[in-house]
Amino acid sequence: IQSTSCLIPAWLERTTLLISFLLCLSEKRCLMANNRLFNSIFEYPNNTIKTSKYTIFNCLPLNLFEQFQRLANAYFLVLLLLQLIPQISSLAWYTTVIPLIVVLSITGVKDAIDDVKRHQNDKQVNNRSVLVLVNGRVKEDKWMNVQVGDIIKLKNDHPVTADVLLLSSSEPCGLTYIETADLDGETNLKVKQAISITSDMEDDLELLSAFKGEVKYELPNNKLDKFSGVLSYQGKTYLLDQDRLLLRGCIIRNTDWCYGLVIYAGPDTKLMQNSGITAFKRTHIDHLMNVLVLWIFLGLGAMCFILAIGHYIWENKKGYHFQIFLPQAHHTSSSAMSSFFMFWSYFIVLNTMVPISLYVSVEIIRLGNSFYINWDRKMFYAPKNIPAQARTTTLNEELGQVKYVFSDKTGTLTQNIMIFNKCSINGKLYGYCYDSSGQIVQVSEKDKVDFSYNLLADPKFSFYDNTLVEAVKSGDYWVYLFFLSLSLCHTVMPSDKTEGKLEYQAQSPDEGALVTAARNFGFVFYSRTSETITVVEMGSTRVYQLLAILDFNNERKRMSVIVRTPENRVMLFCKGADTIICELLHSSCASLSDVTMDHLDDFASKGLRTLMVAYRELDNAFFQTWINKYTEACLSFSDRKKNISVIYEEVEKDLILLGATAIEDKLQDGVPETISTLSQAKIKLWVLTGDKQETAMNIAYSCSVFKDEMDGIFIVEGSNSETVLQQLRTARKTMKPESLLESDPVNIYLTNKYRRSFNIPEEVPNGNYGLVISGCSLAFALEKNVELELLRTACMCQGVICCRMTPLQKAKVVELVKRYKKVVTLAIGDGANDINMIKAAHIGVAINGNEGMQAVLHSDFAFCQFHYLQRLLLVHGRWSYMRMCKFLNYFFYKNFAFTLVHFWYAFFNGFSAQTVYDTWFITCYNLVYTSLPVLGMSLLDQDVREKWSLVFPQLYEPGQHNLYFNKKEFVKCLVHGIYSSFVLFFVPMGTVYNSERSDGKDISDFQSFSLIVQTCLIWVVTLQVALKITFWTAISHTIVWGSLGLYFCVLFFLYSDGLYLLSPGTFQFLGVARNTMDQPQIWLGLILSMVLCVIPVIGYNFLKKQLCPLHVDKILDSIHDCMGNPLSPPICASVKRPSLRRSAYAFSHKEGFGALITSSKIMRSKLYNPNK
């Protein structure tokens, strides 16, 4: 249009565009390549992304809105407004506004810093450079300027800018290799192919610029594995599917360049469609404190109402007689009006029931416990010089309450490194090291095989059994066939992109490991065409004619190749799952099969991924007959796949067993031990992965999510809602038959619940079970009518594996558990595909691994190794939860004891809202006198050392059930505070009532009484915190007892003559301290108060442990016994259970790659020159 605009009238051009626009509306969405004017009509978003929450304009109001969702902040705002009314305010307004501003400012700055990081990340991504085709030239532009309909050029190892339709590439017929780790967690290469009409354009800029294809396609959605559209070009239409689409987040691999047409940009891309919303995370204790603050608010209102009524009665009966001495204020015209004002006066006086210092202290404690995580040297990963990071300071105690852990697999549980570990060839086991007596010993570097004899060996490959090399060198026939099979039966592509190096493009990491193993043992695969495979066998180059590839798929669980050897022999080589290959073996292999099966059991017990290898020599006449049938089946129009499968089975039979391979999908250090420890702590682990079912299950066994001794593993693989529902109910019936009855308590509970959200109680199965469900079935299981069935079934299982999941499905599973279970969830992953579940869980943890920083940027905590998770939860999390609960119990108690004294005093001062304490004492009570002991306890206390937290994971259970601080414990604090306030008021009252000094002077004045009450209060609350501390150090003693000394120092300073002379109106308690403290009855009253307040606590704690001890109390007793008698190391016995044999087959391979290789149209001869 741009080139012909001078010939076409403007009105005609606009009319044409409008007609096209109306036509496209019926097709949901359409675009025209290289035509921004046309595409602008639809107002598609550009490629800008936004993950931040705030802008410069909404930052302050939005952050304040979030902060005032915390009920306490709203409470203090109301209190501040009341203090601005002079008729009722008995305290200065700044005593509330300054702390409130400080708290809001600190939290706001912290939130702003976090969002600035998100802005910086968005800016960095949006400003990446990309090559865009403009007016026949390739120009560099920013990602954010890319628009739908643009043609962009992508280079090797570069991320894909947007969702693009592949047009052409440097590879044969538009093949492009991509890595999708950021989308599904898989690092094995996948292949995409351009349609033929555009692949012929290659990198001809003139042809690409002239391309005016029109694409009609579906609206943006979050389905990563589905796409449908139609390309109209030069009067013809071409169907488009997901195999033509490169998604944003993929990385171009082993492809020099490719061109693509932008289909979806920015927020419309499937990656962003799968991105969840960043939620404001608050702990369960925060939610509980909101409820408790509401309770206190209501209780405060009730007390103020009682005291206001008391004031009304007092005014009517006695206040009238005091008018001559204490006239009513001008604004109080009656007793009722006076009572109304007195209600609000008491509301202000009693506001210390929830002082704002509570929230300041909570933030200090959380910050301190976050530093402990950052400083933990046992969570420091030396190889990368990276410490653990607490990226948020608001979720520490939540770490001590986790019940469900949702983990990614690749890069989180595994290192994503495939290693050829062991093999069995013709009944002989290879891969172990033996001593002189024939006993298996641990491998060491001195046992490492020297492959220097092989010039084409991969220097990174390691093997530790020299007998296999000797067998290869000696020309063992079966070893020869075994490695020849590995070098021929695969879909690996050789690459010589790096000068002088042989590299492989493996669609599956398993295949890469097997071909590399064959390469190192002298069978080097180094080139292929559509018709040949070239292998260097012990230095001799041999070319095999490739006759057919019998491709892998999930049903066959095997793949085969048929080749013609240089000696004109037709050979079929096959590899696949042992359960499948065993059914295809010749009867003569029965005894060898039994031996190999024993070896496979051994491999499976060590968590290795296994494949069986077999071969068959074919008669030329038989092969010719078979290949004709195969060709006919490939050309059939109906039931083509079924016909091909039948033809495959005709040739894949009577196989001769060669042996088996064992590949280690290398786990991260300490993964099985960590999962076992978490299981003992009653923490359930669900693995959410984009990997295949067999691969995920194999890793589940390797890392102890599943165990051989389990009573059963349920596999849900239904293709519709009804089938999935039935499979889930069948599983639940097996685990707990009575759960299907209407009389079951949980069914009754669910029947009576009409609310949208409710909590499903825990159900205990009659054994240990596991559940496996694929992403396809999960889509139906997450529907409204099935999701509760999924949740009930999965929660009864010991371990759950969800495979082939999209990032959004991961988040939905986490949200499902959050919605219906009153538990704390934690999600851990390492890639961008894990971001959604990390944001969805109560706690998000990132593994700082090899897949970039995307997961870390969205996480709450980050470290480098999965096994650090047990320290994070069992040590730091448990301590943080215990400390926070002790702090809250004590803090509420000491403020109830402090505040409620005013309530008792009201009955003796005419309900006049007079305070018991000196104003300076009220100011310093929470800020100075009692702050250090409670902070010391909350930052330093340990009930047991970290060693015992890991040895006895059962210590973690109280946090899961929130036993240390809940509504019941709060009521105990309230009762305790009421009792203490009663003692603290009436014991000093009795002490000074009608009492005299030794010189005959009266001491029953208000100031002396106030001093005695506050001194008793300080001693009592200090002793209470001393009783709660279980880990005494020199610092603890200094802080606790030093605070008492500090109280007396400040007391004598504030009541000194100098300060009174300096400001008589401010410092009014002149000489009270020295005149009162020298009286013996004062000290006797102090001792009596302490005894009456402390003895009940000691008695209650003693009787509770004796009469109804918690499970954790018994464990603590065991720990004390172990401290006297050290634990002996556990004896681990290996028990073989052949009756529970399982296949360890796992193969991450995709169907269809074989057809690409054998297609003569798309293959060019790409020979690797070994002499480079």
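This structure is a prediction, so every number in the text was calculated from the model and none was measured.

Student: I'd like a description of a nonpolar patch on the surface, backed by residues and values.
Tutor: On the surface, Leu71, Val291, Leu294, Trp295, Phe297, Leu298, Val971 and Val975 cluster together into a nonpolar patch covering about 640 Å² of accessible area. Elements represented by at least two residues in the nonpolar patch include exactly helix H10 (284–317) and helix H35 (967–992). Of the residues forming the nonpolar patch, the biggest block, five residues, is contributed by H10. Residue position: Trp295 is located in helix H10.

Student: A description of the pattern of salt bridges should follow, citing residues and the corresponding values.
Tutor: For the coordinates displayed, the defined rule picks out 38 salt bridges. For Arg366, the salt bridge identified is with Glu397, shortest N-O distance 2.4 Å. Taken together, the residues Arg366 in helix H12 (residues 357–375) and Glu397 in the loop between strand S14 (389–390) and strand S15 (402–407) connect sequence positions 31 residues apart. Judged by relative accessible area, Glu397 falls into the buried class, the value being 1%. For the salt bridge of Arg558 with Glu652, the shortest nitrogen-to-oxygen distance reads 2.8 Å. A residue pair is termed long-range when its members are at least 10 positions apart, and Arg558 in strand S25 (residues 558–564) and Glu652 in the loop between helix H19 (640–651) and strand S28 (656–667) qualify at 94 residues. Both residues of the pair, Arg558 and Glu652, belong to the buried class. One salt-bridge network, in which partners are shared between bridges, spans Asp286, Glu363, Arg366 and Glu397.

Student: Can you lay out a negative patch on the surface for me, pointing to particular residues and giving the numbers?
Tutor: Together, Asp200, Glu202, Asp203, Asp204 and Glu206 give the surface a local cluster of negative charge. The class for Asp200 is exposed, based on a relative accessible area of 61%.

Student: Tell me about the nonpolar core, and name the residues and values.
Tutor: Counting residues in hydrophobic clusters, the biggest one holds 103 residues, and the most contacted among them are Leu358, Leu888 and Phe892. The leading source of residues in this core is helix H29 (residues 868–899), at twelve residues. With sequence-adjacent residues up to four places away left out, Phe892 is seen in contact with Leu292, Ile296, Met353, Leu358, Phe965, Phe970 and Cys973.

Student: Account for the environment of Glu722, naming residues and giving values.
Tutor: Inspection of the secondary structure puts Glu722 in helix H22 (residues 721–735). For Glu722, a relative accessible area of 59% translates into the label exposed. Linking Glu722 and Ala781, residues 59 residues apart in sequence, is a C-alpha distance of 9.6 Å.

Student: Kindly report on the side chain of Glu179, identifying the contributing residues and their values.
Tutor: Secondary-structure assignment places Glu179 in strand S6 (residues 175–179). Of note is the side chain of Glu179, whose polar atom sits 3.4 Å from the side chain of Arg253.

Student: Outline the environment of Leu288, listing residues and values.
Tutor: Assignment of secondary structure puts Leu288 in helix H10. Under the relative-accessibility criterion, Leu288 is labelled buried at 10%. Excluding anything up to four places from it in sequence, Leu288 contacts Asn962, Phe965, Asn966 and Lys967.

Student: How would you sum up the sheet that holds strand S12 (residues 251–253)? Please name residues and give values.
Tutor: The antiparallel open sheet is built from three strands, whose spatial order is S7-S6-S12. Looking at which strands have only one partner, the edges of the open sheet turn out to be strand S7 (190–193) and S12. Taking the axes of each pair of neighbouring strands and ignoring which way they run, one obtains an average angle of 45 degrees across the sheet. Here S6 pairs with S12 via three bridges, running antiparallel. Within S12, the position partnered with Ile178 by the bridge is Ile252.

Student: Break down the environment of Ser407 for me, with residues and values.
Tutor: Its place among the elements puts Ser407 in strand S15. The buried category is assigned to Ser407, whose relative accessible area is 0%. Through-space distance from the C-alpha of Ser407 to that of Ile828 is 4.9 Å; in sequence the pair is 421 residues apart. With sequence-adjacent residues up to four places away left out, Ser407 is seen in contact with Thr412, Leu413, Leu685, Trp686, Val687, Leu688, Ile828, Met837 and Phe866.

Student: Run through H22, naming residues and quoting values.
Tutor: Over its 15 residues, H22 extends 21 Å from the first C-alpha to the last, a length consistent with the 21 Å expected when each residue adds 1.5 Å. Those residues of H22 not exposed but buried are Ser721, Val724, Leu725, Leu728, Ala731, Arg732 and Met735. The buried residues of H22 occupy one face: seen down the axis, they fall within an arc of 125 degrees. The inward-facing, buried residues of H22 abut strand S30 (712–716), strand S31 (769–774), helix H24 (775–781) and helix H25 (787–796). N-capping of H22 is provided by Asn720, with a side-chain oxygen placed 3.2 Å from the backbone N of Glu722.

Student: Mind laying out the sheet that holds strand S1 (residues 29–32), listing which residues take part and the relevant values?
Tutor: Taken together, four strands build an open sheet; the order of strands is S1-S8-S9-S10 and the sheet is antiparallel. The open sheet has two edge strands, S1 and strand S10 (236–240), and neither has a second partner. Averaged over all neighbouring strand pairs, the angle between strand axes comes to 20 degrees, with direction disregarded. Direction of pairing for S1 relative to strand S8 (residues 214–217): antiparallel, over a ladder of four bridges. Across the sheet, residue Leu31 finds its bridge partner in S8, namely Val215.

Student: Describe in detail the packing of H29 against H35, supporting the description with residues and values.
Tutor: Their axes nearest at 7 Å, the elements H29 and H35 cross at an angle of 35 degrees. Where H29 crosses over H35, the handedness of that crossing is right-handed. For the pair formed by H29 and H35, the contact residues are Asn889, Phe892, Tyr893, Phe896 and Ala897 on the first element and Glu969, Phe970, Cys973, Leu974, His976, Gly977, Ser980, Ser981 and Leu984 on the second. Along the lines of polarity and charge, the residues of the contact of H29 with H35 split into eight nonpolar, five polar and one charged.

Reading the values: rules and limits
- Residues numbered from 1 in each chain as written.
- Predicted model: local features only at pLDDT ≥ 70, side-chain atom pairs only at ≥ 80, totals over all residues.
- Heavy atoms only, no water.
- Patch = residues over 30% accessible without salt bridge, like charges linked within 9 Å, V, L, I, M, F, W, Y side chains within 5 Å.
- Areas by Shrake-Rupley, 256 points an atom, 1.4 Å probe, with all protein chains shown as cover.
- Salt bridge = Lys/Arg side-chain N within 4 Å of Asp/Glu carboxyl O.
- Helix = DSSP H or I, 4+ residues; strand = E, 2+ residues; numbered from the N terminus.
- Buried < 20%, exposed > 50% of the residue type's maximum accessible area, 1.4 Å probe, protein only.
- Lys, Arg positive; Asp, Glu negative; His and termini not counted.
- Charge placed at Lys NZ, Arg CZ, Asp CG, Glu CD.
- Core = buried A, V, L, I, M, F, W, Y, C linked by side-chain atoms within 4.5 Å.
- Contact = heavy atoms within 4.5 Å.
- Polar contact = N/O pair within 3.5 Å; in protein donor to acceptor, adjacent residues only side chain to side chain.
- Pairing = 2+ DSSP bridges.
- Axes fitted to C-alpha atoms, helices over the stretch in contact; angles between N-to-C directions.
- Expected span 1.5 Å × (residues − 1).
- Arc of directions from axis to C-beta.
- Left-handed = near helix turned anticlockwise from the far one by under 90°.
- Nonpolar A, V, L, I, M, F, W, Y, C, P; charged D, E, K, R; others polar.

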